Amino acid sequence: MSVPENAAAPVNKPWRLSLDSWAVVVALLAALLVRAGVFKHIPW
Amino acid sequence: MADAVVIPQVQPVQPALRFLRILPGVLLLAAIGYAGKLLEQNVGAYAKAHHWVFPNIEYVLWAILLGLLISNTIGVPEIFRSGVATYEFWLKAGIVLLGSRFLLGDILKLGGVSLLLVAVEITGAIAFMTFLGRVFHLKPKLITLLAVGSAVCGVSAIIATKGAIDADDEDSSFSIAAILALGAFALFTFPLIGHYLHLGDRAYGIWAGLAVDNTAEATAAGALYSDAAGKLAVLVKSTRNAMIGFVVLAYAIYWASQGQAKAVGNKAAFLWQKFPKFVLGFLLISVLATYQFFSKDQVGALANLSRWAFLLTFAGVGLRTNFRDMKKQGLRPFAVGAIGEVVIAVFTLGLVVGAEKLFGF
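Residues numbered from 1 in each chain as written. Chains lettered and ligands numbered in written order. Predicted model: local features only at pLDDT ≥ 70, side-chain atom pairs only at ≥ 80, totals over all residues. Heavy atoms only, no water.

1. A short note on the nonpolar core
Residue and element names in this part refer to chain B. Selection criterion: Note on terminology: a nonpolar core comprises buried Ala, Val, Leu, Ile, Met, Phe, Trp, Tyr and Cys residues joined through side-chain atoms within 4.5 Å. Only protein chains enter the accessibility calculation, which uses a 1.4 Å probe. A residue is then buried if its area is under 20% of the maximum for its type, exposed if over 50%, and partly exposed in between. For helices the rule is a DSSP run of H or I covering at least 4 residues; for strands it is a run of E covering at least 2, with both sets numbered from the N terminus onward. By the convention used here, residues are in contact when the closest approach between their heavy atoms is within 4.5 Å.
Formed by 120 residues in total, the largest nonpolar core has its most connected members in Val 60, Val 152, Phe 190, Tyr 204, Trp 207, Tyr 251 and Phe 314. When residues in this core are grouped by element, the largest group, 15 residues, is from helix 6 (residues 140-165). Those residues in contact with Phe 190 that lie beyond four places of it in its chain are Tyr 204, Trp 207, Ala 208, Ala 211, Val 212 and Ala 345.

As structure tokens, then:
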């Protein structure tokens, strides 16, 4: 089967996390570090 | 000769390079936020020492005002822009961490009430904005974008809907500018109205979460009133955000049926793609806090971490708001947005006052 000359080859986009998901991952990681006692006190 | 489709070769940006690119802007956010915190602590003390009558201005407002000052005078230099754009990331991370201060029972109780209010607000806002857009003879897809932006969740909803209904870039720029300008206006007027009407923290927080469009501005408008109001504003705004997928899906199906947008294939996948994942993170942390996964001190530490994340967000809200750029976008969409927002604010205030009497929150 011939492929039309102007057809773009399917591009395999690398799998990437959205900004939303990154925010969740970073926040959960921070929460785990607090839970593990790595950060004992966060001042305000 | 057939036209060749040229696919630009996008060079992957190395994580280290990406980090270096955002670093100046993140440092600027932190510096402005921290300056806001120092101003809160020192200006009040200085005024008191010199017997001046000066209102207590919280760090939230200082950070926003400093950001606004920079953005609207010298502007944000190019080197800082990528990092300043991360304010959305800090906002969402801050909301997830704030989940530690909500017990699941509170979420179920307040979430149930807010879900009901959100459903009424979304239906009323979409119906009114559609009516208003038709009265002003705006383009149909611009009406859709303004309706979604004011009914659900500001800029994120407009961007999600733009892709789903194949709207023009110009229409989405108009809608985003209108929503951001009105969000900035709400930031300063909502706390004043709340104090004038002697609204309690809960009623005000729910109102800010229901009526202020963008998540960052809703969070700031709540925090400007009180800590408790800020918590409630985030909870209600997150409930509104959770509805984004359903509203965008409904519009995508409508515009596809008109032959003016691509048909939606897998609806479940569409909903998952549009669902704001930070709402799930917020719920997960809240479940962990409810089952005492964290000690009391650790919950305090997480709450402070959330405050630091919001500090960067509030600086970003100020830096992102440029009144000259907004003015360039034209008056009509702004007028529709402004009239709509005032009506939605009054409508939601009535809803909250009614619900307070009915449910006694």
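2. What to know about the packing of helix 2 (residues 59-72) of chain B against helix 14 (residues 296-320) of chain B
The axes of two packed helices give the description: the angle between them and the distance between them. Residues and elements named next belong to chain B. Convention followed: Axes, fitted as lines to C-alpha atoms, cover a helix only where it is in contact. Angles between the N-to-C directions of the axes lie from 0 to 180 degrees. Here is the rule for handedness: rotate from the far helix to the near one, and if that takes an anticlockwise turn smaller than a right angle the crossing is left-handed, while a clockwise turn gives right-handed. Side-chain classes are defined by residue name, with Ala, Val, Leu, Ile, Met, Phe, Trp, Tyr, Cys and Pro counting as nonpolar, Asp, Glu, Lys and Arg as charged, and the others, Gly among them, as polar.
Two elements in contact, helix 2 and helix 14, have axes separated by 6 Å at closest approach and are oriented at 35°. In this structure, helix 2 crosses over helix 14, and the sense of that crossing is right-handed. Contacts between helix 2 and helix 14 involve Tyr 59, Val 60, Ala 63, Ile 64, Gly 67, Leu 68, Ile 70 and Ser 71 from the first element and Leu 311, Phe 314, Ala 315, Gly 318 and Leu 319 from the second. A per-class count over the contact of helix 2 with helix 14 returns ten nonpolar, three polar and no charged.

3. A short note on the confidence of the model for chain B
The condition is simple: pLDDT expresses how confident the predictor is about each individual residue, on a scale running from 0 to 100.
Per-chain confidence: chain B averages 84 in pLDDT, with 95% of residues scoring 70 or above. Taken as a whole, residues 1-8 of chain B scores under 50 in pLDDT and shows seven contacts with residues more than four places along the chain or in a different chain.

4. A few points about helix 14 of chain B
Where we set the bar: Take the number of residues in a helix, subtract one, and multiply by 1.5 Å to get its expected span.
Compared with an ideal rise of 1.5 Å per residue, which puts 25 residues at 36 Å, helix 14 of chain B spans 36 Å between its outermost C-alpha atoms and is within 8% of the ideal. Of all 25 residues in helix 14 of chain B, 18 are buried; the element is thus mostly enclosed.

5. So, the confidence of the model for chain A
The predicted coordinates should not be examined in detail at positions where pLDDT is low. Per-residue confidence for chain A gives a mean pLDDT of 76, with 66% of residues at or over 70. Note on residues 1-9 of chain A: pLDDT under 50 across the span, and six contacts to partners over four residues away in sequence or across chains.

6. Concerning the layout of surface pockets
All names here are of chain B. Note the following rule: Detection works on a 1 Å grid of protein atoms alone, calling trapped sets that fit a 1.4 Å probe cavities and calling open sets with protein on both sides within 12 Å along at least five of seven lines pockets, with lining residues defined by an atom within 4 Å of a point. Grid points are joined across faces, edges and corners, and a volume is the space filled by probe spheres set on the points.
What the largest pocket holds in volume is close to 1,400 Å³. Along the walls of the largest pocket sit 43 residues, with Tyr 87, Glu 88, Val 155, Ser 156 and Ile 159 positioned nearest its centre. Per-element tally for the lining of the largest pocket: the top contributor is helix 6, with six residues. Residue composition of the lining of the largest pocket, grouped by class: 21 nonpolar, 13 polar and nine charged.

7. Focus on the interface of chain A and chain B
For clarity, the cut-off: Simply put, the buried area is the total loss of 1.4 Å probe accessible area from both parts when two parts are fitted together. We define a salt bridge as a contact between a side-chain nitrogen of Lys or Arg and a carboxyl oxygen of Asp or Glu at a distance within 4 Å. Two N or O atoms form a polar contact when they lie within 3.5 Å of each other; inside protein one atom must be a possible hydrogen donor and the other a possible acceptor, and for residues adjacent in sequence the pair counts only when both atoms belong to side chains.
Taken together, the contact pairs 23 residues of chain A with 30 residues of chain B. Summing both sides of the interface, chain A and chain B together bury roughly 2,300 Å²; the carbon and sulfur share of this comes to 75%. For Asp 20 of chain A, the salt bridge identified is with Lys 92 of chain B, shortest N-O distance 3.2 Å. Counting across the chain A and chain B interface gives seven residue pairs in polar contact (both at pLDDT 80 or more).

8. A look at helix 9 (residues 215-225) of chain B
Residues and elements named next belong to chain B. Among the eleven residues in helix 9, eleven count as buried, and that is most of the element. All of the buried residues along helix 9 are Thr 215, Ala 216, Glu 217, Ala 218, Thr 219, Ala 220, Ala 221, Gly 222, Ala 223, Leu 224 and Tyr 225. Contact partners of the buried residues in helix 9: helix 2, helix 4 (87-98), helix 7 (169-196), helix 8 (201-211), helix 10 (227-242) and helix 14.

9. Focus on the pattern of salt bridges
Pairing between side chains of opposite charge can happen when the charged atoms of each approach one another. Residue and element names in this part refer to chain B. Considering all chains together, one arrives at eight salt bridges over all chains under this definition. Salt-bridge contacts for Lys 92 lead to Glu 88; the nearest nitrogen and oxygen are separated by 3.3 Å. Taken together, the residues span about one helical turn, with Lys 92 and Glu 88 both in helix 4 at a distance of four residues. Glu 88 shares its class with Lys 92; the two are buried. Residue Asp 213 is joined to Arg 240 by a salt bridge in which the shortest nitrogen-to-oxygen separation is 3.3 Å. Here the residue Asp 213 occupies a position in the loop between helix 8 and helix 9, and Arg 240 occupies one in helix 10, the gap between them amounting to 27 residues.

10. Some remarks on unusual backbone geometry
All names here are of chain B. For Asp 166, which is not a glycine, the phi torsion comes out positive at approximately 55°. Mapped onto the secondary structure, Asp 166 falls in the loop between helix 6 and helix 7. On the basis of relative accessibility, which here comes to 36%, the residue Asp 166 falls in the partly exposed class. Backbone geometry places His 198, a non-glycine residue, at a positive phi of 55°.

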